[in-house]
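Here's the letter readout for the chains.
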Amino acid sequence: MAKAVEEAWPGPLSGLVVTRYGHAVPCERIEIVEASHPVPDESGHRAARRMLEMVHGLGRDDLVLALISGGGSALLSLPAPGLSFADKQAVNAALLRSGAPIGEMNTVRKHLSAIKGGRLAAAAFPARVVTLVISDVPGNDPADIASGPTVADKSTFADARAVLAKYAISEPRSVIAHLDRAADETPKPGSPQLANTTTILGDALEGEAREVGRVMAGIARQVVTHGQPAPPPLVLLSGGETTVTVRGKGRGGRNVEFLLALAVALDGLPGIFALAADTDGVDGAEEIAGAMVTPDTLERAAKLGINAKERLADNDAHSFFEALGDQVITGPTLTNVNDFRAILVLERQDYAFAGAT
């Protein structure tokens, strides 16, 4: 990730990246440090402290680019004031032995850390923080990836205490006392310190169109049910170029197949609308750019006697959206910058208004 940024970034650039032993890639302007994973070591500890120091004192005109991927929770280890590095190592090892899922482990890690759970972004305030994420967790919640050093944290000290109690972890005593004091909570959604942060899930999403549709449906559901990665109203934008392996008798089309899979996975969930289209105006071999999905897409199809799941299995999304009148037809745009996908998630009070229009 650091190498790609160096190659693409046209202006002044400096930084520090920590990765696991044996995974460093030579860079010219970004320093690369190797550290231990999954159990933290002193190298990761020093790198985390330096990172926090680097973002202190920045101004509104500065930009912090955070490159986050799986494994960052162990690699970016900086104990909260009053805790030792040995304390964090002991708790991390106990959690690994316990079989606790990654979400529970990260809840504890955030509340024993001086850098996780949004604290890195808070330290960078008022600079703008842009986070580029490669996910390794189900649901792709940025707050869970590497324990979300630049993302608001919904969990609490009480949640962290409950995780340790669940797995009968009662040592070190300094850790238990720190969680009991609950003196410095992690930044929460809406915190002014995180007002200048942006999270980008990806502008080069690839893979089978129907699988990407299911993943994006999962993210949209997470927005509705948990307000993550951000509360509604919001738009989930993604780019890139998916593929369709045609096994049925349909005409394929990656954007319409993405949308049909999305619609099936959402199953009429209120307040979610989507559009996907090829920027050259041609989706696959069809002179159709793409299509639109609304909360009543499946309901309208059923009234016409159309089974959405059967059409998806037959790779026949073009005829599905043609029957509904929901195709996007632009004609040739005379340009091609891959695909454009947008998923709009409304607040609950806006559902009726959107439906009426």
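My aim in this report is to walk through the structure given alongside it, one point at a time. Owing to the predicted nature of the structure, the values given are computational and were not obtained by experimental measurement.

As enumerated under the stated definition, the model contains two cavities of 30 Å³ or more in all. Taken together, 13 residues make up the lining of the largest cavity; nearest its centre are Pro40, Ser77, Lys88, Asn92 and Arg109. Elements supplying a minimum of two residues to the lining of the largest cavity: helix H3 (72-75), helix H4 (85-98) and helix H5 (102-110). With five residues, H4 is the single largest residue contributor to the lining of the largest cavity. Tallied by class, residues from the lining of the largest cavity come to six nonpolar, four polar and three charged.

This part is about the nonpolar core. Ranked by size, the top nonpolar core spans 34 residues in total, and within it Leu259, Phe321 and Ile343 carry the most contacts. Elements that contribute at least two residues to this core include exactly helix H9 (209-226), strand S6 (234-238), helix H10 (254-266), strand S7 (272-278), strand S8 (290-293), helix H12 (308-313), helix H13 (317-324) and strand S10 (339-345). Looking at which element gives the most residues to this core, the answer is H10, with nine residues. Sequence-distant contacts of Leu259, that is, excluding residues within four places in its chain, are made with Ala274, Leu275, Ala276, Ala291, Met292, Val293 and Phe321. Within the second largest apolar cluster, 23 residues are counted, among which are Leu16, Ala48, Ala121 and Ala124.

Bringing the sheet that holds S8 into the picture now. The strand order across the open sheet built from five strands is S6-S10-S7-S8-S9, with neighbouring strands paired in antiparallel fashion. Strands with a single pairing partner mark the edges of an open sheet, and in this sheet they are S6 and strand S9 (327-328).

Inspection of every chain in the model, using the stated rule, returns 15 salt bridges. Arg254 is the salt-bridge partner of Asp339, the closest N and O atoms lying 2.5 Å from each other. Placement of the pair is Asp339 in strand S10 and Arg254 in helix H10, with a sequence separation of 85 residues. Residue classification places Asp339 among the buried residues on the basis of a relative accessible area of 4%. Classification of Arg254 by relative accessible area gives buried; the value is 16%. Connected through shared salt-bridge partners, Lys110, Asp153, Glu185 and Lys188 make up one network.

The rules behind these values
- Just so you know, the residues in each chain are numbered from 1, in the order the chain's sequence is written.
- Per-residue local features of the predicted model are confined to residues with pLDDT of at least 70, and side-chain atom pairs are confined, for both listing and counting, to 80 or more; whole-chain, interface and lining totals are unaffected and use all residues.
- Here the side-chain values reflect all heavy atoms present in the structure, with hydrogen atoms and water set aside.
- A cavity here means a set of 1 Å grid points, computed over protein atoms only, where a 1.4 Å probe fits but cannot escape. A pocket is an open set with protein on both sides within 12 Å along at least 5 of 7 lines, and lining residues have an atom within 4 Å of a point.
- Grid points are joined across faces, edges and corners, and a volume is the space filled by probe spheres set on the points.
- Every helix listed is a DSSP run of H or I at least four residues long, and every strand listed is a run of E at least two residues long, numbered separately from the N terminus.
- Amino acids outside the nonpolar list (Ala, Val, Leu, Ile, Met, Phe, Trp, Tyr, Cys, Pro) and the charged list (Asp, Glu, Lys, Arg) are all regarded as polar, and Gly is one of them.
- Put simply, buried Ala, Val, Leu, Ile, Met, Phe, Trp, Tyr and Cys residues joined by side-chain atoms within 4.5 Å make one nonpolar core.
- Relative accessibility thresholds used throughout: buried, under 20% of the residue-type maximum; exposed, over 50%; partly exposed, between the two (1.4 Å probe, protein chains only).
- Contact between two residues is taken to exist if any of their heavy atoms lie within 4.5 Å; hydrogens are not considered.
- The pairing criterion is simple: DSSP has to find at least two bridges between the two strands.
- By convention in these notes, a salt bridge is any Lys or Arg side-chain nitrogen within 4 Å of a carboxyl oxygen on Asp or Glu.

Scope: geometric values only; no functional claims are made or implied.
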